[in-house]
Amino acid sequence: MLVTAVGIPMLWMGEEFGQSTQQTPNQPNKLQWSLLKNQPNHELLEYYKHVIRLRQHLPALYTENIEFIHENPEAKVLAYYRWSDEGMRAVVVANFSDNYLSGNSIPKFPAGNLARVDVQQNRRSWGRRV
């Protein structure tokens, strides 16, 4: 099985539900749990929960087996291929730009039986640092 997914950036506390905080080591920043009452913030948290479940259930996403298959610094796109010893395969295509890239192709995309899982982060303004 081949699964495709997009990567997500690392998070600072609270960013998983849209809180914008400065990264200040040794200074406590209280989490603004009230943000979860807002639909966009709640949807963002659900998105990250989904991505975490995806990683937990797809061993290919957390093995050491990795091969980078595409880099495009101008478009800010990176793709890599991962596989598990049990035969699960995954291709991760990450778009780090602020643009939707329709019609973009990955030249060395592995052939095979494709089961597709799209994990896309909606480009809403949650106050996150990008």
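Structural data are supplied above this passage.
Conventions and cut-offs
- Residues numbered from 1 in each chain as written.
- Predicted model: local features only at pLDDT ≥ 70, side-chain atom pairs only at ≥ 80, totals over all residues.
- Heavy atoms only, no water.
- Helix = DSSP H or I, 4+ residues; strand = E, 2+ residues; numbered from the N terminus.
- Buried < 20%, exposed > 50% of the residue type's maximum accessible area, 1.4 Å probe, protein only.
- Contact = heavy atoms within 4.5 Å.
- Expected span 1.5 Å × (residues − 1).

Q: Can you help me understand the overall build of the protein chain in this one?
A: When you go through the protein chain residue by residue, the secondary structure sums to one helix and four strands. Along its sequence from the N terminus, the protein chain presents helices and strands in the succession β-α-β-β-β. Per-residue burial for the protein chain yields a buried fraction of 32% across its 130 residues. A sequence separation of at least 24 residues applies to 54% of the contacts in the protein chain between residues at least 6 apart.

Q: What is the right way to read helix H1 (residues 39-57) from this model?
A: Because the α-helix completes a turn every 3.6 residues, residues three or four places apart line up on one side. Here H1 contains 19 residues, and its C-alpha end-to-end distance of 27 Å stays within 8% of the 27 Å for a straight helix at 1.5 Å per residue. Of all the residues in H1, the buried ones are Asn41, Leu44, Leu45, Tyr47, Tyr48, Val51 and Leu54.

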